[in-house]
Amino acid sequence: MFSNTTDLCQPGVPGSWGNLSDAGCTPHAARENHEVLLVMFIAQALLGIGGVPIQPFGISYIDDFASERNSPLYLGILFSVTVIGPGVGFMLGSTMLRFYVDIDKVTGVQLTNKDPRWVGAWWLGFLVAASLVALSAVPYFFFPREMPKEVREVLQVASGKESSSKKSKDVLSQFPLFLSDFPLVLLRNLRHPVFLLVVLAQVNLSAMVAGLATFMGKFLERQFSLTASLANMIIGAVNIPGAMVGIVVGGAILKRFQMSLKQCSAMCVLGMFLCLLMAFPLLFLGCPTQEVAGVTYSESSEFGHHALECNLQCNCPEKAYNPICGSNTIEYISPCSAGCRVVNIDNYTNCSCISKNGLVGSAKPGTCGTSCFHFFLPFVVLSCLAGILASTSHTPSFMLILRSIQPEDKSFAVGIQFMLLRVLAWMPGPVLYGSAIDTTCILWEKKCNRKAACRYYDNNLFRQRYLGLQFFFEVGAFLCFVTVYVVLRRQEREASNAAETKAEPEKEKLAGNSIKGPKSKV
């Protein structure tokens, strides 16, 4: 049970720490944790399998049966609607995190959602989302195998209706042939320079998005002293709708101007360049680490986590964590570490480690927070603009893939693309970000003699390494798109030179005939 009274300085009463329990360190508890983790892994695998009909197969399905003029707009709408999901998820999570994780035990918890020890009901969102997914999956059973193309610009569409039934019957018989041709098709697509470079650019962008989706909430909490609920609401209400707007705008621009492949790559380059301009100032918009007694602040020359002389008689354990803000604007990791012996409804008094104007000071529950909240609004605006500009390259990059590969390889190539995105970005991305963030921790909570949650970060290092990684991936995507533009420009020149070379003999022949004609007359 969490309680404020058990965290007080109580000389001569060791071991009365209700907040600290090692009951979860038994082998039975560890085995149960591994079983729960296995269930979550299986659930994530099933979620990935269920998403295949939409991405990648849904992308190829739309591009096959939509006209070339409308296909970019339709794909942009699909991608933007897909982005709505995480936005709704963050908003739903923001609401659910206001409830305690164990709803049936909330009466025994003396915490609010502003307390750093608060753990919200993260699992409630899964129940709501799973129910909605089950309902939305029903209409997919009624989609036809093939749809009439919007513009009948290819005669194969009409003749394909007659042969579609024969092709569907021969699918099973052609499956062994597909397996034998699989390596050749794979190598053919991976050796395609435009396809490979665009996929690498999308890998960089996906790694950037993976870090944003996983750790942006924690970043906002630590940098600007927000609650987990408010941080998730900001991401769901500002950043993700901004990305959705960028995707739709990118698709609409493609539809309006009917861009060529080189123009699509130029649009991607421009969008990423402007994104870099918006993202660079974010590295400098943040707050320093708050002053925490015994951790980042000491009246002596010693720094680091160490015991204070004023609370030695309190016998405070290292596991204690119930932060309070002293009247001297110094934060303490627990009332005991501040030497507080009396607690009122919303105030701690008689704190031997807190002094103000020569008198024994007091403290209030909760952290002191950071003192640079005025940076929060510029940070949100710039990050939203950077997301919009980066998202404008989303639909053009997909059109580069769909238009540069052979039509019969379309579904296969998009499948390879999504596989590489998962393997190279979405799987290692959060691990890379998490490892970088862990290096900025200055005080770890320990459970079962192992590092558990980080209590305090070096905010400057946190900001530089987290946003620095995002900026690094954005630069990588920009360079890949620049290379795509160079490749397409070279291919265009080679094609024009080849056409001119082919046309020169015909011109010479015509010129010869025109000269020979008059002479023959003479």
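Quick caveat, the model's predicted, so the values are computed rather than measured. (Residues numbered from 1 in each chain as written. Predicted model: local features only at pLDDT ≥ 70, side-chain atom pairs only at ≥ 80, totals over all residues. Heavy atoms only, no water.)

## Focus: the environment of Leu212
For Leu212, the location among the structural elements is in helix α7 (residues 193-224). Between the alpha carbons of Leu212 and Ile235 there is a distance of 9.2 Å; along the sequence they are 23 residues apart. For Leu212, the residues in contact, after removing those within four places along its chain, are Tyr466 and Gln470. (Helix = DSSP H or I, 4+ residues; strand = E, 2+ residues; numbered from the N terminus. Contact = heavy atoms within 4.5 Å.)

## Section: the packing of aromatic side chains
Inspection of the entire model under this criterion finds 16 aromatic pairs. Ring geometry for Tyr433 and Tyr466: centres 5.7 Å apart, planes at 65 degrees, overall edge-to-face. Of this pair, Tyr433 sits in helix α13 (residues 428-438) while Tyr466 sits in helix α14 (residues 459-521); the two residues are 33 residues apart in sequence, bridging distant segments of the chain. Residue classification places Tyr433 among the buried residues on the basis of a relative accessible area of 0%. An aromatic cluster is present here, built from Phe219, Phe224, Phe373, Phe376, Phe379, Tyr433, Tyr457, Phe462, Tyr466, Phe472 and Phe473 joined pairwise through their rings. Positioned above the aromatic ring of Phe257, the side-chain terminus of Arg256 is 5.3 Å from the ring centre. (Phe/Tyr/Trp six-rings, centres within 6.5 Å; stacked < 30°, edge-to-face > 60°. Buried < 20%, exposed > 50% of the residue type's maximum accessible area, 1.4 Å probe, protein only. Lys NZ or Arg CZ within 6 Å of the ring centre and 35° of its normal.)

## What about the pattern of salt bridges?
One pass over the structure, following the stated rule, counts two salt bridges. Ionic pairing is found between Glu492 and Lys262, a salt bridge with its closest N-O pair at 3.0 Å. One end of the pair, Glu492, is in helix α14; the other, Lys262, is in helix α9 (residues 261-279), with 230 residues separating them in the sequence. On the accessibility criterion, Glu492 (41% relative accessible area) is partly exposed. Accessibility expressed as a relative area gives 22% for Lys262, which makes it partly exposed. Of the charged contacts, one joins Arg455 and Glu445 as a salt bridge, the two residues approaching to 2.9 Å between their closest N and O atoms. Note that Arg455 is positioned in strand β7 (residues 450-457) and Glu445 in strand β6 (residues 441-447), a separation of 10 residues in sequence. (Salt bridge = Lys/Arg side-chain N within 4 Å of Asp/Glu carboxyl O.)

## Regarding helix α12 (residues 410-426)
Over its 17 residues, α12 extends 22 Å from the first C-alpha to the last, a length consistent with the 24 Å expected when each residue adds 1.5 Å. Restricting attention to buried positions, one finds in α12 the residues Lys410, Phe412, Ala413, Val414, Ile416, Gln417, Phe418, Leu420, Leu421 and Ala425. (Expected span 1.5 Å × (residues − 1).)

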